[in-house]
Amino acid sequence: MSQLAVNLPGLNLKNPIMPASGCFGFGREYSEFYDLSKLGAIIMKAATGSERFGNRTPRVAETASGMLNAIGLQNPGVENIIKHEVPFLANYNTSVIANVAGSTLEEYEHVAAAFNDTEHVHALELNISCPNVKEGGIQFGTDPEMAARVTEAVKRASNLPVYVKLSPNVSDILSMAKAVEDAGADGLSMINTITGMQIHLPSGKPLLANKTGGLSGPAIKPVAIRMIYEVSQEVSIPIIGMGGITTAEDVLEFLLAGASAVAVGTANFQNPFVCVEIIDELPHVLSKYGYESITDVIGKGVSV
Amino acid sequence: MINKEQVTILSSKTIALDTFEMVLNNHYISQHAKPGQFLHIYVEGHTLRRPISIANVDPEQETITVLFKRMGAGTQKIATYQPGMVLDVLGPSGNGFYIDSNDSTVLLIGGGIGVPPLYFLGKTLAKQGRKIISVLGFQSKQHVFYEQEFKALGETIIVTNDGSFGEQGFVTDVMDSLGQYDCYYSCGPLPMLQAITAIVPNQKGYISLEERMGCGVGACFACVIPTADEAGYRKICKDGPVFSAKEVTL
Ligand SMILES: Cc1cc2nc3c(=O)[nH]c(=O)nc-3n(C[C@H](O)[C@H](O)[C@H](O)COP(=O)(O)O)c2cc1C
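Predicted model, so just to flag it, every value in this text is computed and none were measured.

**Student:** Describe the layout of surface pockets, and please don't skip the residues or the numbers.
**Tutor:** Residues and elements named next belong to chain A. In this structure, the second largest pocket occupies an estimated 670 Å³ of space. Contributing to the lining of the second largest pocket are 44 residues, with Cys23, Asn69, Thr193, Ser216 and Thr266 lying nearest its centre. Listed by contribution, the elements that provide at least two residues to the lining of the second largest pocket are β6 (66-69), β16 (261-264) and α9 (267-270). In terms of residue count, the dominant contributor to the lining of the second largest pocket is α9 (three residues).

The structure is reproduced here in structure tokens:
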């Protein structure tokens, strides 16, 4: 296996770098900057049962070392994604992960099942952690019992490996992780954004039309590292780590904490080339810190 | 096509209250930018880039002029940048103004920091021999800029909210007295655009919209505007920022 390769359920990744869900659309815009085949995988923007228009604007606000977003899962619906977006991504030599969202158990099942008949989708990321929709989503992500139920339902509905995307907006991340592992999750994806708010001084009101939004970017990296460090020691399924990654050094930190691969979100907005720049830099960072390969690093930070 | 480019600041100066003019040097953008497009500027220490309209381009000198207002932390920082510094920008971004070759008289209606993209447009249209009428609205005398530049293109009416310069009122107060025109182009605060599209609902016109952006390339769905058609929305950064006045729901 080459130095950067990692094998995870359903995903034979040539490198551990993938753009995070919602931060890369369905790849079209970034394909104008570089060849998407360079990426380890691509996580598509969330898919819901039918088309969603999302929240009112403003939907984003900058914060110190990060940003708040309240997009509200705007997407054309799972059928349109399968018909128009997956075939585009199939042109590239990279793995495709579908992000599955919903407001009800039935909607999650429906979306997951729809991806079964789709060649070129290699795994599902079960989004039970979007803080920006009123109904559903987040309550599945904050209650271990609900999380287990939606995981079981999606596992039943799908032939594909399921990575459950955890919300950091909980006091006990470990019980969430264990609950979905016991329910049959093939992997974890963590973390989603942390709920936050910004007040706009001229108006005296919350800046985002949705009032609250999800905090992402470098500001949340220590939270992600801590959660992955805690969870990776207690579960035996692999973790796709994310939260504030902007450099190859950040990637190394996530791998040391116990992630097996990583996703890069917000950093794409600042630098559209960030994913490929990290991939190019990774071998140098590995050798700088004395590692042979990616698999050589995974979890090294937690073993005594 | 949008490129990630390095641009060098040639000059930067204050042209009105809290309003700055920066002249940049870059080959690619100066050869490809069209009126209505913007630059997405990286600001050191900030997560998100700042979209700033292109106010003028000189392809021979390979320069791009941008005007911006010092408002938040990002534009505050850009205002401190000195000539010789190199900026990282994405551009030229978005779609420019649609120009109908049959139009002979066009009306430009700008409000505040919405005025700059209309200058690049006006200059381009004037060069093509069209008659230009400009109505520019500002808060007060201190905020007025580019009066002479627009006058060089054609009849120009300046309006200030407090009456300290030009006519007193809003741009919409003088629109009745302008006579015939084939098409209008407008950029400015949302209430101004709403007022204009309500006053002349049947007039052919194009508006340029501003919104807080995330990626600026059409991937993140931060800056969308509802439409009445089947699609239901447009992305301001990618499908716009210029739209036909009838296309979007303000
Ligand atoms: C604008 C935006 C949209 C997002 N949309 C989704 C989404 O649709 N589904 C999802 O699971 N996560 C979504 N996320 C969360 C990211 O995938 C990621 O978990 C989070 O932003 C942390 O990574 P980062 O700090 O690298 O951005 C979104 C994040 C942002 C900033």
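Okay, back to it.
**Student:** Quick one: what's the story with the UniProt feature "domain: FAD-binding FR-type" (unreviewed entry) in chain B, residue by residue and with numbers?
**Tutor:** With numbering aligned to this structure, UniProt lists the feature "domain: FAD-binding FR-type" (unreviewed entry) at residues 2-99 of chain B. Within the segment residues 2-99 of chain B, helix and strand shares are 14% and 50% respectively, and the terminal C-alpha atoms sit 21 Å apart.

**Student:** Residues and numbers for a negative patch on the surface, please.
**Tutor:** Residues and elements named next belong to chain A. Taken together, the side chains of Glu249, Glu277, Asp280 and Glu281 define an acidic patch exposed on the protein surface. The element best represented in the negative patch is helix α10 (residues 274-288), accounting for three residues. Considering the arrangement of structural elements, one finds Asp280 in helix α10. Assessed through its relative accessible area of 55%, Asp280 is described here as exposed.

**Student:** Which residues make up the interface of chain A and chain B, and what values do they have?
**Tutor:** Across the contact, 29 residues belong to chain A and 27 residues belong to chain B. Contact between chain A and chain B buries roughly 2400 Å² in total, counting both sides, with carbon and sulfur atoms accounting for 60%. Taken as a group, Glu62(A), Phe269(A) and Gln270(A) account for 26% of the area that chain A buries against chain B, more than any other trio of residues on that side. On the surface where chain A and chain B come into contact, there are two salt bridges. Counting across the interface, chain A meets chain B through twelve residue pairs in polar contact (both at pLDDT 80 or more). At the level of elements, α1 (28-31), β5 (60-63), β6 and α9 of chain A are the ones that each hand at least two residues to the side of chain A that touches chain B. Top contributing element to the side of chain A that touches chain B by residue count: β5(A), with three residues.

Conventions used here
- Residues numbered from 1 in each chain as written.
- Chains lettered and ligands numbered in written order.
- Predicted model: local features only at pLDDT ≥ 70, side-chain atom pairs only at ≥ 80, totals over all residues.
- Heavy atoms only, no water.
- 1 Å grid on protein atoms, 1.4 Å probe; cavity = no way out; pocket = protein on both sides within 12 Å on 5 of 7 lines; lining within 4 Å.
- Points joined across faces, edges and corners; volume = space filled by probe spheres on them.
- Helix = DSSP H or I, 4+ residues; strand = E, 2+ residues; numbered from the N terminus.
- UniProt positions renumbered as here; feature names shortened; annotations may be inferred.
- Patch = residues over 30% accessible without salt bridge, like charges linked within 9 Å, V, L, I, M, F, W, Y side chains within 5 Å.
- Areas by Shrake-Rupley, 256 points an atom, 1.4 Å probe, with all protein chains shown as cover.
- Salt bridge = Lys/Arg side-chain N within 4 Å of Asp/Glu carboxyl O.
- Lys, Arg positive; Asp, Glu negative; His and termini not counted.
- Charge placed at Lys NZ, Arg CZ, Asp CG, Glu CD.
- Buried < 20%, exposed > 50% of the residue type's maximum accessible area, 1.4 Å probe, protein only.
- Contact = heavy atoms within 4.5 Å.
- Buried area = accessible area lost by both parts, 1.4 Å probe.
- Polar contact = N/O pair within 3.5 Å; in protein donor to acceptor, adjacent residues only side chain to side chain.

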